[in-house]
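Chain residues, written in single-letter form:
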Amino acid sequence: MKTYIIVFSFLMLLGCAVTPPVQQMTVEPYTATFDYTPDTQAAPNSSGVTFTISNGSYKTNSKDMPWFTYPQFADLENGIKSDLGEILIAKGFSVIGPFGSYDLIPYSDKKNIDMLLVPQVELHIKIKDPKSQVENIWAAPPVDILTGNVEVSGKVTVELREIATLVLMWVKSVPFEEFEFSYRVRNSPFYNKKHGIVFDLKPIIITDVAKGVESQYPEIMATIASLIDAEEVNIIKKQCQEVRKGNMSNQGMQPAK
């Protein structure tokens, strides 16, 4: 019996000796950069159409994965609005703004704007094959290794709306190329299945999600630039004028001369 106790105690000490200290997992301090530069430049205001750009809207497939709220995507809003503005100017359009919201556009500016450009970004993030296994049965407290795969898909959508009525005039969507990555992390020392204290994996995988989106961003913006054609936009401008006149007629108003 004494021999058994001695051997067991030795094994316990050996397990503690070879097990690295448990550390609280932290999110890598990474912020993705979203930047695109148009490769062509038309003469300023040569297209005769004026835009303003709205704040972006961001969608997710799950309320539990609000990817756009994480610091890794902190630069997306400014990046996408700035780059869309550069694309429009490079196409020969003029851009007024930015404004904090549609309601904050003064009438003096609104009457000189033809269309509102509305960007939307949608990401679907799916965690697949999650597994958990004990790293070392001798560790106190026990530490689990969490592994799995993450699948990411989504799209960037650009809408053109008539500025006064917000009638949708044109819409294009550019999908992200679907990508996957794997994760392997040691859980928090406070992980406790019995008491429902669960390790939050989302802040960790969001870094790799942001890097994947960041790598595709320039190509997606280049595709959007190729879809915005000056001749087509001038046709849409005329349609916008008809929509506005029709709306004013319905309200018993006379268009300004």
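If you're wondering where the values come from, they're calculated on a predicted model, not measured in any experiment. (Residues numbered from 1 in each chain as written. Predicted model: local features only at pLDDT ≥ 70, side-chain atom pairs only at ≥ 80, totals over all residues. Heavy atoms only, no water.)

What the protein contains, in helices and strands, is 5 helices and 7 strands. The order of helices and strands in the protein, counted from the N terminus, is α-β-β-α-β-α-β-β-β-β-α-α. The proportion of buried residues among the 257 residues of the protein is 38%. Look at the contacts in the protein between residues 6 or more apart in sequence, and 78% of them connect residues 24 or more apart. (Helix = DSSP H or I, 4+ residues; strand = E, 2+ residues; numbered from the N terminus. Buried < 20%, exposed > 50% of the residue type's maximum accessible area, 1.4 Å probe, protein only. Contact = heavy atoms within 4.5 Å.)

Attention shifts here to helix H2 (residues 76-90). Over its 15 residues, H2 runs 21 Å from end to end, which matches the ideal 21 Å to within 8%, given 1.5 Å per residue. Of all the positions in H2, only Leu76, Gly79, Ile80, Lys81, Asp83, Leu84, Gly85, Ile87, Leu88 and Ala90 are classed as buried. In this structure, the buried side of H2 is in contact with strand S1 (50-53), strand S2 (57-60), strand S3 (94-95), strand S4 (115-134), strand S5 (144-162) and helix H4 (202-227). Once H2 finishes, Gly92 follows within two positions and takes phi at roughly 95°, a positive value. (Expected span 1.5 Å × (residues − 1).)

With that settled, the discussion passes to H4. For an α-helix, the turn length of 3.6 residues means that residues three or four places apart are oriented alike. Under the 1.5 Å per step criterion, the end-to-end length of H4 is 35 Å for 26 residues, consistent within 8% with the ideal 38 Å. The largest bend along H4 reaches roughly 40° and is located at Tyr217, with the proline Pro218 sitting one to four residues downstream. (Bend = angle between axes of the 7 residues up to and from the residue.)

Phe51, Phe73, Leu84 and Ile224 are the most contacted members of the largest nonpolar core, which totals 51 residues. Every element with two or more residues in this core is listed here: S1, H2, S4, S5, strand S6 (168-175), strand S7 (179-186), H4 and helix H5 (230-250). In terms of residues, this core owes the most to one element, H4, which gives 11 residues. Filtering out sequence-adjacent residues up to four positions away, Phe73 remains in contact with Phe34, Trp67, Phe68, Leu123, Ile206, Val209, Ala210 and Val213. (Core = buried A, V, L, I, M, F, W, Y, C linked by side-chain atoms within 4.5 Å.)

Moving on: empty space enclosed by the protein. For the coordinates displayed, the defined rule picks out 1 cavity of 30 Å³ or more. Lining of the largest cavity is provided by Leu76, Ile80, Val121, Val156, Phe176, Val213, Tyr217, Ile220 and Met221. Elements with a minimum of two residues in the lining of the largest cavity: H2 and H4. Per-element tally for the lining of the largest cavity: the top contributor is H4, with 4 residues. Its residues placed into classes, the lining of the largest cavity shows 9 nonpolar, no polar and no charged. (1 Å grid on protein atoms, 1.4 Å probe; cavity = no way out; pocket = protein on both sides within 12 Å on 5 of 7 lines; lining within 4 Å. Points joined across faces, edges and corners; volume = space filled by probe spheres on them. Nonpolar A, V, L, I, M, F, W, Y, C, P; charged D, E, K, R; others polar.)

In this section: unusual backbone geometry. For the bond running from Gly97 to Pro98, omega is 10°, close enough to zero to count as cis. Structurally, Pro98 is set in the loop between S3 and helix H3 (107-110). For Leu166, which is not glycine, the phi torsion reads 65° and is therefore positive. As for its position among the elements, Leu166 is in the loop between S5 and S6.

Attention shifts here to the side chain of Lys237. Its place among the elements puts Lys237 in helix H5. Lys237 sits in the buried class, given a relative accessible area of 19%. A polar contact is formed between the side chain of Lys237 and the backbone oxygen of Gly48, at a distance of 2.6 Å. Discounting chain neighbours no more than four positions away, the residues touching Lys237 are Gly48, Val49, Asp114 and Met115. (Polar contact = N/O pair within 3.5 Å; in protein donor to acceptor, adjacent residues only side chain to side chain.)

With respect to the helices and strands, the residue Ile236 is situated in helix H5. With 187 residues separating them along the chain, Ile236 and Val49 place their C-alpha atoms 9.8 Å apart. The contact partners of Ile236, leaving out residues within four places of it in the chain, are Met115, Leu160, Met169 and Trp170.

The subject of this paragraph is the packing of aromatic side chains. This model, assessed by the stated rule, comprises 7 aromatic pairs. Arranged with centres 6.0 Å apart and planes meeting at 15°, the rings of Phe34 and Phe73 form a pair that is stacked. On the criterion of sequence distance, the pair formed by Phe34 in the loop between helix H1 (2-18) and S1 and Phe73 in the loop between S2 and H2 is long-range, its members being 39 residues apart. According to the relative accessible area criterion, Phe34 is buried, its value standing at 5%. A ring pair is formed by Phe51 and Phe93, whose centres lie 5.2 Å apart and whose planes are at 70°; its orientation type is edge-to-face. Of this pair, Phe51 sits in strand S1 while Phe93 sits in the loop between H2 and S3, and the two are 42 residues apart along the sequence. Neither residue differs from the other here; Phe51 and Phe93 are each classed as buried. (Phe/Tyr/Trp six-rings, centres within 6.5 Å; stacked < 30°, edge-to-face > 60°.)

Tracing the backbone through its elements, the reader meets Glu214 in helix H4. No salt bridge is formed by the buried Glu214; the nearest opposite charge belongs to Lys211, separated by 7.3 Å. A polar atom in the side chain of Glu214 sits 2.7 Å from the backbone nitrogen of Thr33. When residues no more than four places from it in sequence are discounted, the contact partners of Glu214 are Tyr30, Ala32, Thr33 and Phe34. (Lys, Arg positive; Asp, Glu negative; His and termini not counted. Salt bridge = Lys/Arg side-chain N within 4 Å of Asp/Glu carboxyl O.)

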